[in-house]
Amino acid sequence: MKNEFKVIADLVEKNKRVLDVGCSDGTLMKFLKENKNVNIRGLEISKDKVQKCIAKGLTVIEGNAEKDLVQFPNKAFDYVILSQTLQAFLDPELVLNELLRVGKK
C-alpha cells in the first residue's frame, strides 16, 4: 500500500461512512473496510478500475466527480477522500465545493 494511503488511513476513525473519490483499483477502500470497519463507497471514472473494485467486493460507482457528486446528499459521509486526483479536474473548485458539501471531513 502506498505511504500516503497509510497516512490517510490513520486519519479515518473506525465505523464511519467514507466516500473515496478517484478510488482507482480500491486498494485504500479495501484496507479501510477491513481494518477500520468503515462503510465505504467509491467513485471512479475508469471502467477498468471500477471492475477491479467490484472484483474485490467493493461498492463503487463509475462516474466523473465534476458531474456525479451532485447525486449524493449533503453531509452523507463522515469522510470524503480525494487522493492524487485533483490535478485531473477541469474545475477543481467545483469538485472541492461538492466534496465539502457531501462530507463532514
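Attention here is on the structure that accompanies the text. Predicted model, so just to flag it, every value in this text is computed and none were measured.

**Topic: the overall build of the chain**
Step number 1: The helix and strand inventory of the chain stands at five helices and four strands.
Step number 2: In terms of C-alpha radius of gyration, the chain reaches 13 Å, essentially the compact-globule figure of 13 Å for 105 residues.
Step number 3: If one aligns the C-alpha atoms of the chain with their principal axes, the spans along those axes are about 35 × 30 × 25 Å.
Step number 4: Classification of the 105 residues of the chain by burial places 41% in the buried group.
Step number 5: In the chain, once contacts between residues fewer than 6 apart in sequence are set aside, the share between residues at least 24 apart is 57%.

**A word on the pattern of salt bridges**
Step number 1: Counted under the stated rule, the structure contains eight salt bridges.
Step number 2: Among the ionic pairs, Asp48 bridges to Lys52, the shortest N-O distance being 3.5 Å. Placement of both Asp48 and Lys52 in helix α3 (residues 47-55) is noted, with a separation of four residues, approximately one turn of the helix.
Step number 3: The exposure class assigned to Asp48 is partly exposed, which follows from its relative accessible area of 42%.
Step number 4: By relative accessible area, Lys52 is classed as partly exposed at 41%.
Step number 5: Several salt bridges converge on common partners, so that one network encompasses Arg17, Asp78 and Lys104.

**Overview of the pairing of strand β2 (residues 39-44)**
Step number 1: Pairing analysis gives five bridges linking strand β1 (residues 17-21) to β2, with the strands arranged parallel. Within β2, the residue paired with Asp20 across the bridge is Gly42.
Step number 2: This β-α-β element, β1 to helix α2 (residues 27-36) to β2, shows right-handed connectivity.
Step number 3: Note: β2 against strand β3 (residues 60-62), three bridges, orientation parallel.

**A few points about the nonpolar core**
Step number 1: Residues Val12, Val18, Leu28, Leu32, Val38, Ile40 and Ile81 are the most contacted members of the largest nonpolar core, which totals 17 residues.
Step number 2: Here Val18 is in contact with Val12, Val38, Asn39, Ile40, Arg41, Phe77, Tyr79 and Ile81, once residues within four sequence places are set aside.
Step number 3: Core analysis: the second largest hydrophobic core is formed by 13 residues, Ala76, Phe77, Val80 and Phe89 among them.

**Details of helix α1 (residues 3-11)**
Step number 1: Residues Phe5, Ile8 and Ala9 constitute the buried set of α1. For α1, the arc enclosing every buried residue in end-on projection is 100°, short of the 170-degree limit, so these residues lie on one face. Opposite its buried face, α1 presents the exposed residues Asn3, Val7, Asp10 and Leu11, each directed more than 90 degrees away.

**Digging into the sheet that holds β3**
Each strand in a sheet pairs with another by means of backbone hydrogen bonds, the pair being arranged parallel or else antiparallel.
Step number 1: In space, the four strands of this open sheet follow the order β3-β2-β1-β4, with parallel pairing throughout. With partners counted over all chains shown, the strands left at the sheet margins are β3 and β4 (79-82), one partner each. Here the strands of the sheet are splayed against their neighbours by 15° on average, with no regard to which way each runs.
Step number 2: Taken strand by strand, α3 contacts β2 and β3, and its axis lies near 160° from that of β3.

Conventions adopted
- Residues numbered from 1 in each chain as written.
- Predicted model: local features only at pLDDT ≥ 70, side-chain atom pairs only at ≥ 80, totals over all residues.
- Heavy atoms only, no water.
- Helix = DSSP H or I, 4+ residues; strand = E, 2+ residues; numbered from the N terminus.
- Rg over C-alpha atoms; globule rule 2.2 N^0.38 Å.
- Buried < 20%, exposed > 50% of the residue type's maximum accessible area, 1.4 Å probe, protein only.
- Contact = heavy atoms within 4.5 Å.
- Salt bridge = Lys/Arg side-chain N within 4 Å of Asp/Glu carboxyl O.
- Pairing = 2+ DSSP bridges.
- Right-handed = clockwise from strand over helix to strand, strands pointing away.
- Core = buried A, V, L, I, M, F, W, Y, C linked by side-chain atoms within 4.5 Å.
- Arc of directions from axis to C-beta.
- Axes fitted to C-alpha atoms, helices over the stretch in contact; angles between N-to-C directions.

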